[in-house]
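These are the residues of each chain, in order.
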Amino acid sequence: MSQAAQQYLALTAPANADLLGFLALPNNTTVAQAKTAAAKVAADEVTLVAALKKGTWPAAAQPTLTTLESTMGRELIVYKACATDTSITAIKRTLTQGQAAIAARAAASAQVRAALGVPAPTAPATNSATPSGSAAA
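Within each chain, residue numbers correspond to sequence positions counted from 1 in written order. Residue-level local features of this predicted model are given only where pLDDT is at least 70; pairs of side-chain atoms are given and counted only at 80 or more, and the full residue set underlies all totals for whole chains, interfaces and linings. The side-chain numbers reported here are obtained from all heavy atoms of the structure, hydrogens and water having been left aside.

K.L.:
Provide a residue-level description of the pattern of salt bridges, including the pertinent values.
P.N.:
Whenever Lys or Arg places a side-chain nitrogen within 4 Å of a carboxyl oxygen from Asp or Glu, that contact is recorded as a salt bridge. All told, the structure shown has two salt bridges when counted by the stated rule. In this structure, Asp-18 engages Lys-40 in a salt bridge whose closest nitrogen and oxygen atoms are separated by 3.8 Å. On the criterion of sequence distance, the pair formed by Asp-18 in helix H1 (residues 3-23) and Lys-40 in helix H2 (residues 31-54) is long-range, its members being 22 residues apart. We call a residue buried when its accessible area falls under 20% of the maximum for its residue type, exposed when it is over 50%, and partly exposed in between, using a 1.4 Å probe and counting protein chains only. Here Lys-40 falls in the partly exposed class, since its relative accessible area comes to 46%. A salt bridge links Glu-75 to Arg-105, with the shortest nitrogen-to-oxygen separation between them at 2.8 Å. Here Glu-75 is found in helix H3 (residues 62-84), whereas its partner Arg-105 is found in helix H5 (residues 99-116), with 30 residues between them in sequence. Both residues of the pair, Glu-75 and Arg-105, count as buried. Only DSSP runs of H or I covering at least 4 residues are called helices, and only runs of E covering at least 2 are called strands; the numbering of each starts at the N terminus.

Structure follows, in structure tokens:
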């Protein structure tokens, strides 16, 4: 695996772990727990975008990274909103309404992984606490 691919995996691992944890929240998750998990995902996205901008990437991958950074900005709005929602129903609604942004970021992530030769992540198991649809970076 290339150095750029290894760098990408190292940068995305913490954010992916938190995202997958959020998506796999159990059905008995409290609003406070879900809001905390969503806030963690939002904070991770801010950190990850900054780290991706500082990284050294092959020229061929740079356009895909630029797209990823842009789509993550739109997705960030969704997770920030989830972190301020006042019920599990509201969080689910926010995620459902944010599916276009989430899907765009997932597609951009797939393009970056392809450009860097990074294998796709394993899809998380989901339940009814949070709707599925967000793939890891």
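Back to the write-up after that little detour.
K.L.:
Give a description of H5 that names residues and reports values.
P.N.:
Under the convention used throughout, the expected extent of a helix is 1.5 Å for every residue step, that is, one less than its residue count. With 18 residues, H5 should reach 26 Å at 1.5 Å per residue; the first-to-last C-alpha distance of 25 Å fits that figure. Ala-101, Ile-102, Arg-105, Ala-106, Ala-108, Ser-109, Val-112, Arg-113 and Leu-116 are the residues of H5 that are buried. When H5 is viewed along its axis, its buried side chains cluster within an angular range of 165° and face the same direction. Away from the buried face of H5 by more than 90 degrees, exposed residues Ala-100 and Ala-114 are located. Close packing links the buried residues of H5 with H1, H2, H3 and helix H4 (88-97). As used here, the arc is the angular range of directions from the helix axis to the C-beta atoms. The contact definition used throughout considers only heavy atoms, calling two residues in contact when any of these lie within 4.5 Å.

K.L.:
Go over the packing of aromatic side chains with me, naming the residues and quoting the values.
P.N.:
Each aromatic ring pair is described using two quantities: the centre-to-centre distance and the angle formed by the ring planes. Centre distance within 6.5 Å is the pairing criterion for rings of Phe, Tyr and Trp, where only the six-membered ring of Trp is used; planes under 30 degrees apart are then read as stacked, over 60 as edge-to-face, and the remainder as tilted. The final tally for this structure, using the stated rule, is two aromatic pairs. Ring plane angle 75° and centroid distance 6.4 Å describe the contact between Tyr-8 and Trp-57, whose orientation is recorded as edge-to-face. Of this pair, Tyr-8 sits in helix H1 while Trp-57 sits in the loop between H2 and H3; the two residues are 49 residues apart in sequence, bridging distant segments of the chain. A relative accessible area of 0% places Tyr-8 in the buried class. Taking relative accessible area as the criterion, Trp-57 reaches 10% and is therefore assigned buried. Taking the centre distance of 5.9 Å and the plane angle of 85° together, the rings of Phe-22 and Tyr-79 count as edge-to-face. Here Phe-22, found in helix H1, pairs with Tyr-79, found in helix H3; they are 57 residues apart in sequence, far enough to count as distant. Across the pair, Tyr-79 and Phe-22 agree in class, each one buried.

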